[in-house]
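Descriptive analysis of the structure
So the chains spell out like this:
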Amino acid sequence: MRKNIAAGNWKMNLTLDEGQKLASEVINMAKGEVSNDAEIILIPPFVHITSVEKLVGSAANVKVGAQNCSDQGSGAYTGETSVSMLKSAGVSYVVIGHSERRELFGEDNALLAAKTKAVLDGGLKPIYCCGEKLESREAEQHFAVNKEQIEEGLFGLSKEEILNVVIAYEPVWAIGTGVTASSDQAQEMHAYIRGLIAEKYDQETADSISILYGGSVKPGNAQELFAQPDVDGGLVGGASLKSRDFVDIIKSF
Ligand code: PEP
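Residues numbered from 1 in each chain as written. Predicted model: local features only at pLDDT ≥ 70, side-chain atom pairs only at ≥ 80, totals over all residues.

With that out of the way, let us pick up helix 2 (residues 49-56). Where helix 2 is concerned, the buried positions are I49, V52, L55 and V56. Along the long axis of helix 2, the arc covered by the buried residues comes to 125 degrees, so they all point the same way. Positioned one or two residues after helix 2, G57 has a phi angle of 50 degrees, which is positive. (Buried ≥ 20, exposed ≤ 12 C-beta atoms within 10 Å, placed from the backbone. Helix = DSSP H or I, 4+ residues; strand = E, 2+ residues; numbered from the N terminus. Arc of directions from axis to C-beta.)

Put into structure tokens, the structure is as follows:
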């Protein structure tokens, strides 16, 4: 059956000392307090990955993720980071297609499909993000927008490949705004996305894929969101920068 996952995306925040302190606190608090079997993923900036990975060590259920990667294997791509580099640094998951990458860095579905494939070919797991902007929801285009992002980004994959993908539904209007999608809105979209996968592949495949919700998840709303049948956890931004809040979110399954 699919995993429950709490992933903390630090974005471009924290110095090395601050990141090490946060990671140590989360690892230690989780060890003492978390009794569920959720997978915890710490997603620091690239430059902190090696240090965070050392701190994680063999901690049960804690993995390290990266926020992005190149679709290319190696070579003259100044400023880029390849999947094999991430793998050699101990990374297990790579976030692909966060709305900030789509919006601020012009990443389109074709590039995100190539990055997703590169992550899978390199033996890591993509956390593929989708989500509509406010204007699309207001125009009742939100299902169409997410369908296109899922189809163009993921549906070139084989069944064996897509089984290693985690999906994160992150409505753009809820990211970093303090506005959370209601648990009904989250459940509705997660069920819709799972239905798309069942149609393209089969129900068993759809039922095996973890679909995370992202957008202002905090200790006060995590439990209700995670209780929805098709919500398998959260991709958490702001609240993952505070160890107490993030561990309380992890405890909400
Ligand atoms: C995110 O960055 O993926 C995110 C969901 O951010 P926040 O939790 O701050 O809304």
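And the narrative resumes.
Working note: regular strand, side chains alternate between the two faces of the sheet. Of all six residues in strand 5 (residues 125-130), five are buried; the element is thus mostly enclosed. Judged from the four bridges that link them, strand 4 (residues 93-96) and strand 5 form a sheet pairing that is parallel. The residue bridging I96 from the neighbouring strand is Y128, located in strand 5. Judged from the four bridges that link them, strand 5 and strand 6 (residues 166-169) form a sheet pairing that is parallel. Bridged to C130 within strand 6 is Y169. (Pairing = 2+ DSSP bridges.)

In this section: the UniProt feature "binding site: substrate" (unreviewed entry) in the protein chain. Per the UniProt record, the feature "binding site: substrate" (unreviewed entry) sits at N9, W10, K11, G176, S216, G237 and G238. Sequence-wise these annotated residues cover 230 residues; spatially they are packed, their C-alpha atoms never more than 13.9 Å apart. Among the residues examined, N9 registers 26 C-beta atoms within 10 Å and is labelled buried. Beyond its immediate stretch of four places on either side in the chain, N9 contacts I43, Q67, V95, L235, V236, G237 and S240. Relative to the assigned elements, K11 resides in the loop between strand 1 (5-9) and helix 1 (16-33). (UniProt positions renumbered as here; feature names shortened; annotations may be inferred. Contact = placed C-beta atoms within 7 Å.)

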